[in-house]
Amino acid sequence: GISREIHSATAAGSFANMMEVEVEHKESKGELLQKKLEDIRALEETDVEEAIKRYKAIIALVDEDGEIVAEKTAAIYALGELYAQKGRHQDLRNFIVDTRPFFSTIAKAKTAKILKELLNIFGRIPETEKLQAEFCKDTILWCEKEGRSFLKQRVQARLASLLLGMQQYKDALALINKLVKDVKKIDDKILLVEISIIESRIHLALKNVPKAKGSLTAARSAANAIYCPPSLQAEIDIQSGVLCSEEGDYKTAYSYFFEGFEGFDSSKNVVKAAQCLKYMLMVKIMTNQSADVYNLINTKVGVKYAGTEIEAIKAIADAHKKRSIHKFADVKEKYANELSKDWFISAHLDALQDNLLVQNLLRIIEPFSRVEITHVASLIDLPRAQVEAKLSEMVLEKKLNGILDQGSGDLIVFDEVPEDKTFKAGLETLAELNNVVDKLYAKARRAVA
């Protein structure tokens, strides 16, 4: 009996030792790969092709027990980032396609997460929207073949966003409408929020503000029913701010942009946080609060996200503060790339420049009752054709009380006629008398009855 117990204890001890050795083996394998990944990252700076080769070797490792999924995933992200940094978009596309066999060995949710991150990496390469759209279409076909409906819907959402960026609004709207119906059937709230935001952006691009607001309301309703990640809530906030700006409510827009900025900043999304900061600065300029622009730029967060794009907004604030059209034009020319690639900044910049031109023209023609258009153009130092077109527009929009005499080439300014309140008061009196007569008639009918 004693010998049997000793044998059992010895066997148990041996089993425990084997387990410890196995755990140590697993840990050491993962740690070894992590060290290799660090070495490869260091190699990226000196020998890119060798680094690519070694990343691919790690990704190709056989892993039947799923021990090194995390390390292989890290290698996939690292190689994707490397391709993006070098601008090798075709290599990145082929690499993602070649990674599909690995996706069949891991959970579908994990696959969706990896592919989403790879698409985000792809999106960082400039001027690859068309290639990304083609890749998304190819991936959708692969998802249908593999029966991955969850992943397919996410890629379709990404494709709709790309089509919006490429200004293919009809195709984007058709895709998003179909996607909304499919997602509502499976009640995926997170995805419903994402596609509702995209739908709102499409309607806004088509200048259909009521429908854009309706889609945003749907996004908010879906977000309220679940735990909404800070980054996704920030997307709702930034779209809310954009819609408020379209309606001229810049004060509310600033509040939304600030909320969005905090959400992206806490999520460490540097690009989106910088975008929100730009929008915050822009609405401050639109409300003639240039001093607040300088204060924001000099704060801790302003310094954190400093760059050429923030410098461009500061230059706009300087030009707007000085009411200088020529300085404004110089800023637009100097920072053309930074200011033109964001439609929101570009649109509001045009509105700001147009408003500045109107104010300058009104200031110049204020002392005159009749003045040559050529003289106005020389005073403002702009081409005569541009000044004439703007004055004509101001007259039609009733910003200027006058006419353009095409025969003499003069602008004739009329004196402001004070509003005669007698006519308005007379109409109000007649309206009140009409109400009194109607009430007396009604009482008379009741009395007779």
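Refer to the structure printed above.
Residues numbered from 1 in each chain as written. Predicted model: local features only at pLDDT ≥ 70, side-chain atom pairs only at ≥ 80, totals over all residues. Heavy atoms only, no water.

**Quick notes on the side chain of Arg148**
This is how the line gets drawn: What counts as a helix is a DSSP run of H or I of at least four residues, what counts as a strand is a run of E of at least two, and both are numbered from the N terminus. Classification of residues uses two cut-offs on accessible area relative to the type maximum, computed with a 1.4 Å probe and protein chains only: under 20% is buried, over 50% is exposed, and between them is partly exposed. As used throughout, the charge tally considers Lys and Arg to be positive and Asp and Glu to be negative, leaving His and the chain termini uncounted. Salt bridge, as used here: a side-chain nitrogen of Lys or Arg that lies within 4 Å of a carboxyl oxygen of Asp or Glu. Residue contacts follow a heavy-atom distance rule, with two residues in contact if any of their heavy atoms lie within 4.5 Å.
Relative to the helices and strands, Arg148 is located in the loop between helix H7 (129-146) and helix H8 (149-165). Buried charged residue Arg148 carries no salt bridge. Nearest counter-charge: Glu146, at 4.7 Å. Setting aside anything within four residues of it in sequence, one finds Arg148 in contact with Phe103, Ser104, Lys108, Thr111, Trp142 and Cys143.

**Brief notes about the pairing of strand S3 (residues 410-413)**
Put simply, the rule is: Strand pairing follows a simple DSSP-based rule, namely that at least 2 bridges must link the two strands.
Both faces of S3 are covered, namely the face carrying Asp410 and Ile412 and the face carrying Leu411 and Val413. Relative to S3, strand S1 (residues 370-372) runs antiparallel, the two being bridged by 3 bridges. Note on S3: the bridge partner recorded for Glu372 is Asp410. Two strands pair when backbone bridges link them, and strand S2 (residues 402-405) and S3 are joined in this way by 4 bridges, in the antiparallel orientation. Along S3, the bridge assignment pairs Asp405 with Asp410. Hairpin remark: S2 followed by S3, antiparallel, with 4 residues in the connecting loop; positive phi at Gly409, about 75 degrees.

**Side note on the packing of aromatic side chains**
What counts, and what does not: Each pair of aromatic rings taken from Phe, Tyr and Trp, with Trp reduced to its six-membered ring, is defined by centres within 6.5 Å and is described as stacked if the planes are under 30 degrees apart, edge-to-face if over 60, and tilted in the remaining cases. To sit over a ring, a charge needs its Lys NZ or Arg CZ within 6 Å of the ring centre and within 35 degrees of the ring normal.
Under the criterion given, the structure shown has 9 aromatic pairs. For the ring pair Phe102 and Phe103, a centre distance of 6.4 Å and an interplane angle of 50 degrees mean the geometry is tilted. The class of Phe103 is buried, set by a relative accessible area of 1%. Both rings, one in Phe257 and one in Phe344, keep their centres 5.7 Å apart while their planes meet at 80 degrees; by these two values the pair is edge-to-face. You can see Phe257 sitting in helix H13 (residues 250-266) and its partner Phe344 sitting in helix H20 (residues 343-365), a full 87 residues away along the chain. Note on accessibility: Phe257 and Phe344 belong to one class, buried. Through pairs of rings, three or more aromatic residues link up here, namely Phe257, Tyr279, Trp343 and Phe344. If you follow Arg154 out to its NZ or CZ, it ends over the ring of Phe150, 3.9 Å from the centre. Lys284 extends its terminal NZ or CZ atom over the ring of Tyr254, reaching a point 4.4 Å from the ring centre.

**As for the pattern of salt bridges**
Counting across every chain of the model gives 28 salt bridges. Residues joined in a network through salt bridges with shared partners are Lys278, Glu309, Lys341 and Asp342.

**A word on a positive patch on the surface**
Keep this limit in mind: Only residues whose relative accessible area exceeds 30% and that form no salt bridge enter a patch; like-charged residues are grouped when within 9 Å of one another, and nonpolar side chains (Val, Leu, Ile, Met, Phe, Trp, Tyr) when within 5 Å. Note on areas: Shrake-Rupley, 1.4 Å probe, and residue coverage restricted to the protein chains presented here. A charge is said to be at NZ when it belongs to Lys, at CZ for Arg, at CG for Asp and at CD for Glu.
On the surface, Lys321, Lys322, Lys327 and Lys334 cluster together into a patch of positive charge. Relative to the helices and strands, Lys321 resides in helix H17 (residues 308-321).

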